[in-house]
Amino acid sequence: MDMVSIIEKKRDGGKLSSEEIGFFVNGYTTGDIPDYQASAFLMAVCIRGMDKEETFSMTGYMRDSGETVDLSGIKGIKVDKHSTGGVGDKTTFIAGPLAAACGIPVAKMSGRGLGFTGGTVDKMESVPGMRTALDRDEFIHQVNDTGLAVTGQTGKIAPADKRIYALRDVTGTVNDLSLISSSIMSKKLASGCDAILLDVKCGKGAFMQNYEDACNLAEMMTQIGRSCGKKTVAAVTDMDQPLGRAVGNSLEVMEAIETLKGRGPQDITELSLVLSGLMVYMGGKASSPEAGRRITEEKLYSGDALKKFRAYIAAQGGDPEITENKTLFPQPDHRIDIKSEDNGYVYEIGADRIGRASLHTGAGRRFKDDIIDLSAGIYICRKVGEKVSKGDILAVLQGNSQAKLLSAAEECRKAFRISAAAPEKKELVKSVIGLE
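Quick caveat: nothing in here was measured; it's all calculated off a predicted structure.

Draft legend 1. The arrangement of the packing of helix 2 (residues 18-30) against helix 4 (residues 52-63) in detail. It is at 9 Å that the axes of helix 2 and helix 4 come closest, and there the two elements cross at 40 degrees. It follows that helix 2 is oblique to helix 4 by the angle criterion. For the element pair helix 2 and helix 4, the recorded crossing hand is right-handed. Touching Ser18, Glu19, Ile21, Gly22, Phe24, Val25 and Asn26 of helix 2 are Glu54, Ser57, Met58, Tyr61 and Met62, all from helix 4.

Draft legend 2. A look at unusual backbone geometry. Not every positive phi belongs to a glycine, and Ala158 is a case in point at roughly 45 degrees. Overall, the relative accessible area of 1% leaves Ala158 in the buried class.

Draft legend 3. How the structure looks around the pairing of strand 3 (residues 148-152). The buried count for strand 3 comes to five of five residues, which makes it a mostly enclosed element. Taking every second residue as pointing to the same face, both faces of strand 3 are buried, with Leu148, Val150 and Gly152 on one and Ala149 and Thr151 on the other. Looking at chain direction, strand 2 (residues 106-110) and strand 3 are connected through five bridges and run parallel. Looking at strand 3, one finds that Met109 is bridged to Thr151.

Draft legend 4. How the structure looks around helix 8 (residues 159-171). Relative to the 18 Å expected for 13 residues at 1.5 Å per residue, helix 8 spans 19 Å between its end C-alpha atoms, a close match to the ideal helical length. By the burial criterion, the buried members of helix 8 are Pro159, Ala160, Asp161, Ile164, Leu167 and Arg168. Tucked into the core, helix 8 has its buried residues touching helix 2, helix 3 (35-48), helix 4 and helix 9 (177-190). Directly after helix 8, the chain includes Gly172, whose backbone phi takes a positive value near 65 degrees.

Analysis parameters
- Residues numbered from 1 in each chain as written.
- Predicted model: local features only at pLDDT ≥ 70, side-chain atom pairs only at ≥ 80, totals over all residues.
- Heavy atoms only, no water.
- Axes fitted to C-alpha atoms, helices over the stretch in contact; angles between N-to-C directions.
- Helix = DSSP H or I, 4+ residues; strand = E, 2+ residues; numbered from the N terminus.
- Parallel < 35°, antiparallel > 145°, perpendicular 65-115°, else oblique.
- Left-handed = near helix turned anticlockwise from the far one by under 90°.
- Contact = heavy atoms within 4.5 Å.
- Buried < 20%, exposed > 50% of the residue type's maximum accessible area, 1.4 Å probe, protein only.
- Pairing = 2+ DSSP bridges.
- Expected span 1.5 Å × (residues − 1).

So, to be careful, I would describe these as geometric facts and stop short of saying anything about function.
Shown next as structure tokens:
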């Protein structure tokens, strides 16, 4: 077996055997297959595609390329939640405490972000003192004790994915259904939870920009999870405009806190209740997703979920007083207001443009070694459907570099489209796939 033959076979539309896929994954992980051959293989996959069996094989080999985590020491049905990525998506900090407050053990391993803003781990680091690396025993103890733990993902979990994704990122081979599915699911399956909830974003700020592609991705990932004995459900959700009003690391954690106090934006509150309701159902604490949502709504407005969030922060070394004192977060040196030039209604806020503007402020990374400005980001003052007058502030950009904010301002301005008529309201949760 040799790599050239495998590349040629896929280039010509052939179906690869499990052994051929394993040869590629294992060989590239160990360094025996060079980048140029791996790049050719990935491009052939993007052009020709993989069927379900090939995708399942790819996922399995990537999962088994490193450690798999044993979470049997955690009592109950462990539920993890994963988002395919979006702009302003801070639901982990809301849905996690909501589900944990309902008795669901939430054991989540997350990564850092490359792109619009930091990942969950970066957002955690905006909390003073917060530890983002827990060893296995600490992780298990914390979930058993508080019901919720979030830790950074080690390089020992699915190292094949780490190597392959880094190459995909620089070779134009990211947006392929099979490669996305195997990347996400190899890590989730290696992380040891019993049930996996996937939030598959759909729209201008997502990998999958149209509904059909998002559903295909959701269907593929739920099939992979179920084939490995994991209860797996996917919600396809809107990402045409940013989720909530805050985009940026500390800004998003602050908005999550406001949401846990019952004062969050309508869309982030609604999505968090839907997702946490699904988690409660998948964890066996509700007879249906709707019943799960009703339970989590009670926990939101009773303050129990906020208490759970404070306990989680304290357990990982952070200062729980951040829930009462926003000045404990990193503070920006500069702010720029983006004002409306017209009267009317906000017809559109391009999530992709807001994402790029957020990156320009310093809230995200262009390269993996970039240092994030945890205070940087964008606060959206007017959402889609809201009325505006000329001179009203549409958004506020903030960060520690005035030059970066000026660079971000024009991109942010272009994200807003003002119209004389209000737009039709879009569904936030478009469908749920994988319910039994």
